[in-house]
Amino acid sequence: MFETEFEKLTNAEQNEFARVVNTLMLRSFIVRDVFDSKEKAMRINSDYRFIERHFDLINDYLKYTNWIMEKDVLNGVVALFNMNEQNRLRIDRETSLLLFVLRLIYETEKNESSQTGESIYITTPTLIKTMIDHGITMAGKRMSGRLFAKSLRFLANHNIIAKVSGSYDEGNVAFYILPSIIFAVDNQKIKAMSEALEQMKVGGEDEDA
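In what follows, the accompanying structure is described. Predicted model only: the values in this text are computed from it and were never measured.

Brief notes about the side chain of H158
Structurally, the position occupied by H158 is in the loop between α7 (149-157) and β7 (161-165). When neighbours within four sequence positions are excluded, H158 is seen to be in contact with L26, R27, S28, F29 and L89.

Some details on helix α3 (residues 46-53)
What sets the pattern is the α-helix's 3.6 residues per turn: residues three or four places apart point alike. Buried within α3 are the following residues: D47, Y48, F50 and I51. Looking straight down α3, one finds that the buried residues subtend no more than 160° of arc, so they occupy a single side. Where α3 starts, the residue carrying a side-chain oxygen 3.0 Å from the main-chain nitrogen of D47 turns out to be N45.

Brief notes about the pairing of strand β2 (residues 33-36)
Bridge analysis of β2 against strand β3 (residues 41-44) gives 4 bridges, and the strand direction is antiparallel. From the neighbouring strand, V34 faces β3, where its bridge partner is R43.

So, the packing of aromatic side chains
Throughout the structure, instances matching the rule amount to 9 aromatic pairs. On the numbers, 6.0 Å between centres and 45° between planes, the contact of F2 with F17 is tilted. With a gap of 15 residues between them, F2 in helix α1 (residues 2-7) and F17 in helix α2 (residues 11-27) connect regions that are remote in the sequence. Its relative accessible area of 3% is what places F17 among the buried residues. Between the aromatic rings of F2 and Y64, the centroid separation amounts to 6.3 Å while the plane-to-plane angle is 80°, which identifies the pairing as edge-to-face. Residue F2 is located in helix α1, and its partner Y64 is located in the loop between α4 (55-63) and β4 (67-72); the two are separated by 62 residues in the primary sequence. Looking at F2, the relative accessible area reads 13%, which means it is buried. The ring of F55 is capped by K71, whose NZ or CZ atom sits 4.8 Å from the centre of that ring. Note that K163 overlies the ring of Y168, its terminal NZ or CZ placed 4.9 Å from the centroid.

Rules used in this analysis
Residues numbered from 1 in each chain as written. Predicted model: local features only at pLDDT ≥ 70, side-chain atom pairs only at ≥ 80, totals over all residues. Heavy atoms only, no water. Helix = DSSP H or I, 4+ residues; strand = E, 2+ residues; numbered from the N terminus. Contact = heavy atoms within 4.5 Å. Buried < 20%, exposed > 50% of the residue type's maximum accessible area, 1.4 Å probe, protein only. Arc of directions from axis to C-beta. Polar contact = N/O pair within 3.5 Å; in protein donor to acceptor, adjacent residues only side chain to side chain. Pairing = 2+ DSSP bridges. Phe/Tyr/Trp six-rings, centres within 6.5 Å; stacked < 30°, edge-to-face > 60°. Lys NZ or Arg CZ within 6 Å of the ring centre and 35° of its normal.

Here you go:
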């Protein structure tokens, strides 16, 4: 039983248990490798290690309210899901498109680049170039790094990206795309959106012809 096992933890561990669970509930994802702004490098996340040590206990606690964790050991991600598919966040069109493009970049870089580790380093100019190359635009809005400030902050707050340098408001951010993006946008959705974009491109070419 949860209560019996929880009582076996020290007071410090019980406090840490509460803090880590609240962090998970707030952010949806906990990743193994995080960017340390002081050391200017990726490091092991102590929250992830705590969840590893007490995975079953935390899952037993979460099940009381119909939540469950999934752990991807290979990519170093713990993801939180509601078994009733409730408490879903609704995100705006700009954030949805941005999330898709970041997932596309992540897949491409993982398959083709020499970057090591599970996180992918990019900058806002790279992001914008990828969107332009795929014919993704924001209706009535000029494409710029500043346009994505709100969306990038949102994704950072949910441990989908990790800012390295720059300013969201100035539109010159460098950041890591974290492997949690795999859970945020699954393969079926990225395939469907890729096909839709290709059809849009073909349609545009036909009109030009």
